Structures are given as structure tokens and as C-alpha cells.
Amino acid sequence: MNPEDVEYEPVSVKAVLAEMKDTAELLIDLSYSAVLHGSDDIAREVLELEERMDVLQMQARMSLLMAARNPEDAERLAPVLGVVGAAEKISDAAGDIAKVVLEDIGLPEAMRAALPEAAETIVRATVAEGARYAGGTLGGLDVETETGVRVIAVREGASGEWNTAPDHETVLRPGDVLLCRGTEEALPAVYEAVTGEAYEPPASEDPTVADLERAVDSIVLMKNMSELAVDLAYGSVLFDSVGVAEEVRELEAEVDALKSRFEAWTMRAAAGVPDPVALRGLVHLASATEVISDAALEIAEGVLRGMGTHPVIAAAVEESDEVVVRLEVAPGAPLSDATLGDRMVRTETGMRVIAVRRGDGADWVVSPGPTTALRAGDVVIAKGTRGGAAGLARLVGDDDPFD
């Protein structure tokens, strides 16, 4: 469906917001994956999803306009419109990143060398007739548990429709396009089981100019911070937490500062590379990444301004594909007086702990790592699947992660 063909029809705002959240997060991953692989195919998938996002935001805006009957309604719905607009900005930024690949704007190989270290890789794989996974369900194949690789989206070969929230009942049919996220070590086996062909990782070169290396490193850091800001922003509206929203504001300011340093390093690097035009893509990446962090701040804006969280936003975040949970570490729980690495939280549950608030309420630890120690009373904010959330809840001594 094209955006210009959209007409008003009654839709669930909660469902639309949940799909927009899932699609926006998928677009961030997918656009950088297109850069990593230099893949026109993945970049085109980004633009198709961006078009889908345009439809979703128009549906959301029309429904919200119909719902506003008086000034009080308009005031309560203003933060919802802010979340809709922010998701659309993330989508547009992802499209700009994809165009760096599709339009051959120019990108140094050093960028592709640095990205695998920045995050898990996304691979696009088409289900082949006779392949080991063909005809199976995600639940029956137990892909994530067995391999650590997660199928984050499926484009059905027959209809061309996207499923951005595949579950254990999703059937993998020949011709379906899968987007799989995981480590470089785990992906080859899954890719071969899907396509029947060997996986070939993208070739890369190390940077040769010191200032170029700094510029590339700054973009990778901007990317990581922007993704974290989006995660925390949705967490802030789900829990109506000013503390989490303040962390989003700090991250956005740091991304702005990084972009300024990036610009200086890129200009210096231009004098030492054979073809300065090849750096244009870096400039586009930096600008798009800054837009993502700005959008994250817009998501958290209602919380920061004391307007609270509209129930429909919290419900949408809670019901989206990847859930955000807030759990308190109980005395005597397995994670009490242990580190995230000791209990292998990421490996055992698949959950990514994105922030920890210390029990005294004073300090936040943003983007904690394996050496981060937890104590009774600490509050953990984490992101992942519902099954993973239940596993993490057991580790912190919480019976119900969704209460």
C-alpha cells in the first residue's frame, strides 16, 4: 500500500504504535547491516519498510485526530503524536543510511571493518527449496535457543508482506526472506540451514589514516549510543521514569558532541586519503545517526516535561515484539551480589540489560557490561523476548516480569 492511497479506517492505535516501534528498531539494525555488507538487496528492504512506516504513521495520526474531542484530549494525546513523529524520523534516517549504499555515495572500507565490532550482524537469507529449515516453524526448529541467532523479520515470498514480529508458529516457506540477527560465529550455520549455501562474511580492510580511524570510531560510538537512547526512551515512557528519560537527554547531547568531533576528524582525514569523495558516505551516516538520537529524545519528551505517559503508549511498548522490562533484584536471588557475566545473562536468557538503577536511587549505570555487579534493591531495565524476560525474572527473584 502506498502512503497516498491511505484512507481513514478504524484501527487500534496501540497495535499501530507497537508495529511502528518494532519497525523503527528493525530499520536501524537493517540499515547499518546494508552498510556492513554493502548490500543493495538489504538496502532495498529498508526502503520498502520505510514506505510501510509512512502508511503506519498516517493511520496513527488520523486515528489520534479523530480521538481528540476537546482541548484536554489534545493535551493528553500530544505525547502520543510525538512518539509517532519520532518513529517516522527514525524510519527516514534509516532510509538515508540505505541510500548511502544504493546511490554509491562513497564509504571507506574502514567503516565496514569497524561495524562488526559495534553490534551483532544482520544477514538476509532466502529460504531455499529442500533446505534444512524449509517447511519448519521457528518454534519447532528452536532456532534462537539452539544457535543464539534470532529471526527478527520475515518477508513472505508469496504475498510480499512483512512480518516484523515472527513467533514460534511462523512457518518458513521456500521463497520467504528472513532477516537473522546474531554473532559472526553463529550466523554461518543458520544461513546454510536456510539457504543451502555457505555463508561468506563481508570483506573488510583496516583503516590506514589515524584521523579516519577516529572518525569511523566516532560514528560507531554514535550508532551504539543512538540505539541505546531509543531503547531507553521507550523504557522511559513505559515506566513513566524521569530518571531514564534524563539518561536519554544525556545520550543525545553526547551524540551531538561526537558529531562535532567527527566533522573535525573527517576534514583532517580528507587530506590523507587518495579519494576524499569516498568520505561523503561517512558524513551522511553521521547526520542520519544524529537524527536517530534526536528522535529518541522526542519519544522521551512527554516524560521530561511532566506530561506523563499516555496509557496507549505504555500498552504498545509492552506488547511489541521486543519487550522492555523493569525488574528489581530480590535479596538472595541468583543475580544478587553477582555480575551479569557470572550468570551469563545475555547467553542464558537472550536479554540485553540496557540500564541499572542502584538501590539507593542515586546512580544509573547505562549500557552495563559483563563485569557490572548487581545488589539486592537494584532495578534492572532490559530488552528482549517475552521468554527471555521470564528467564531474567527468575534470576532476579521476580515471579512476574509483566506485572
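Structure report, in brief. (Residues numbered from 1 in each chain as written. Predicted model: local features only at pLDDT ≥ 70, side-chain atom pairs only at ≥ 80, totals over all residues. Heavy atoms only, no water.)

### With respect to the overall build of the chain
Convention followed: Put simply, DSSP H or I for four residues or longer makes a helix, DSSP E for two residues or longer makes a strand, and each gets a number counted from the N terminus. Exposed residues in this analysis have more than 50% of their type's maximum accessible area, buried residues have under 20%, and partly exposed residues fall in between, with area computed by a 1.4 Å probe over protein chains only. The method behind every accessible area is Shrake-Rupley, applied with a 1.4 Å probe, and residues are considered shielded solely by the protein chains displayed.
Scanning the chain from N- to C-terminus turns up 13 helices and 10 strands. Across the 403 residues in the chain, those meeting the buried criterion constitute 52%. Just so you have it, the chain exposes about 17600 Å², and 47% of that area is on carbon and sulfur atoms.

### Examining the sheet that holds strand S1 (residues 121-126)
Where we set the bar: Only strands that DSSP links by at least two bridges are regarded as paired with each other. The contact criterion used throughout is that any non-hydrogen atoms of two residues lie within 4.5 Å. Angles here are taken between N-to-C directions and fall from 0 to 180 degrees, while the axes themselves are lines fitted to C-alpha atoms, restricted in helices to the stretch in contact.
Read across the sheet, four strands follow the order S1-S4-S2-S3 without closing on themselves; strand pairing throughout is antiparallel. Each edge of the open sheet is held by one strand with a lone partner, namely S1 and strand S3 (162-163). Both strand S2 (residues 150-155) and strand S4 (residues 177-182) contribute to a ladder of five bridges, which runs antiparallel. Looking at the pairing, Ala153 lines up with Leu179 of S4. Seen against the sheet, helix H1 (residues 13-37) touches S1, S2 and S4 and runs at an angle of roughly 85 degrees to S1.

### What to know about unusual backbone geometry
Positive phi values are uncommon outside glycine, yet Asp240 reaches one of about 50 degrees. If you trace the backbone, Asp240 turns up in the loop between helix H8 (210-239) and helix H9 (242-270). Residue classification places Asp240 among the partly exposed residues on the basis of a relative accessible area of 42%. Of note in this structure, Asp337 is not a glycine but carries a positive phi near 60 degrees. By the secondary structure assignment, Asp337 is in the loop between strand S5 (323-328) and strand S6 (338-339).

### A short note on the pairing of S2
Burial analysis of S2 places six of its six residues in the buried class, which makes it a mostly covered element. Pairing of S2 with S3 involves two bridges; the strand directions are antiparallel. The residue of S3 that forms the bridge with Val154 is Asn163. Counted along the chain from S2 to the antiparallel partner S3, the turn is six residues long, and its residue Gly160 has a positive phi close to 80 degrees.

### A few points about the packing of H1 against helix H11 (residues 311-319)
Rules: Roughly parallel here means an angle under 35 degrees, roughly antiparallel means over 145, roughly perpendicular means 65 to 115, and every remaining angle is called oblique. We call a crossing left-handed when the near helix sits turned anticlockwise from the far one by less than a right angle, and right-handed when that turn is clockwise. Any residue that is not Ala, Val, Leu, Ile, Met, Phe, Trp, Tyr, Cys, Pro, Asp, Glu, Lys or Arg is counted as polar, Gly included; the first ten are nonpolar and the last four charged.
Contact geometry for H1 and H11: axes closest at 8 Å, N-to-C directions at 50 degrees. Taken together, the axes of H1 and H11 are oblique relative to one another. Both H1 and H11 take part in a crossing whose hand is right-handed. When H1 is examined against H11, the residues Val13, Lys14, Leu17, Ala18 and Lys21 are found in contact with a partner set consisting of Val312, Ile313, Ala315, Ala316, Val317 and Glu319. Per-class residue counts for the contact of H1 with H11 are eight nonpolar, no polar and three charged.

### Side note on helix H2 (residues 40-67)
Stated formally: Here the expected span of a helix is defined as 1.5 Å times the quantity of residues minus one. Polar contacts, as counted here, are pairs of nitrogen or oxygen atoms within 3.5 Å of one another; within protein the pair requires one atom able to donate a hydrogen and one able to accept it, and residues that are adjacent in sequence qualify only if both atoms are side-chain atoms.
Between its first and last C-alpha atoms H2 spans 41 Å; for 28 residues at 1.5 Å apiece the expected length is 40 Å, and the two agree. Of the residues flanking the start of H2, the one acting as N-cap is Ser39, its side-chain oxygen 3.4 Å from the backbone nitrogen of Asp41.

### Some remarks on the pattern of salt bridges
Inclusion rule: We define a salt bridge as a side-chain nitrogen of Lys or Arg found within 4 Å of a carboxyl oxygen belonging to Asp or Glu.
A complete count under the given rule lists 19 salt bridges for this structure. Overlapping salt bridges, with partners in common, bring together Lys21, Glu25, Asp231, Arg352 and Lys383 in one network.

### As for helix H13 (residues 386-396)
All of the buried residues along H13 are Gly388, Ala389, Gly391, Leu392, Ala393, Leu395 and Val396. Contact partners of the buried residues in H13: S5, helix H12 (345-349) and strand S10 (379-384).

### So, the packing of helix H3 (residues 71-102) against H11
Across the interface, H3 lies against H11 with an axial gap of 9 Å and an inter-helix angle of 35 degrees. Together, Arg76, Pro79, Val80 and Val83 of H3 and Pro311, Val312 and Ile313 of H11 make up the contact between the two elements. Tallied by class, the residues present in the contact of H3 with H11 amount to six nonpolar, no polar and one charged.

### Re the sheet that holds strand S7 (residues 352-357)
Spatially, four strands are ordered S5-S10-S7-S8 in an open sheet, and the strand pairing comes out antiparallel. Where the open sheet ends on each side, the last strands, each with one partner, are S5 and strand S8 (364-366). Across the sheet, the mean angle separating the axes of adjacent strands is 20 degrees when strand polarity is ignored. As judged from the five bridges shared by S7 and S10, these two strands associate in the antiparallel manner. Across the sheet, the residue bridging to Arg352 is Lys383, located in S10.

### A short note on the nonpolar core
For the record, the criterion: Residues belong to one nonpolar core when they are buried, are Ala, Val, Leu, Ile, Met, Phe, Trp, Tyr or Cys, and are joined through side-chain atoms within 4.5 Å.
Residues Leu17, Met20, Leu179, Leu232, Tyr234, Val248 and Ile313 are the most contacted members of the largest nonpolar core, which totals 84 residues. When residues of this core are assigned to their parent elements, the largest contribution, 14 residues, is made by H8. With residues up to four places along the chain from it excluded, the contact list for Leu232 reads Val244, Glu247, Val248, Leu251, Ile354, Ala355 and Val366. Leu138, Val143, Leu172 and Leu187 belong to the second-largest nonpolar core, a separate cluster that totals 19 residues.

### A closer look at the packing of aromatic side chains
We count it as follows: Two rings from Phe, Tyr or Trp (for Trp, the six-membered ring) form a pair when their centres sit within 6.5 Å of each other. Planes less than 30 degrees apart are called stacked, planes more than 60 degrees apart edge-to-face, and all others tilted. We call a charge positioned above a ring when the Lys NZ or Arg CZ atom is no farther than 6 Å from the ring centre and deviates by at most 35 degrees from the ring normal.
For the structure on display, the rule yields one aromatic pair. On the numbers, 5.5 Å between centres and 55 degrees between planes, the contact of Tyr191 with Tyr199 is tilted. As far as the burial class goes, Tyr191 and Tyr199 line up, both buried. Positioned above the aromatic ring of Tyr234 is the side chain of Lys21, whose terminal nitrogen or guanidinium carbon lies 5.4 Å from the ring centre. Of note, Lys223 hangs over the ring of Tyr32, and the distance from its end group to the ring centre comes to 5.2 Å.

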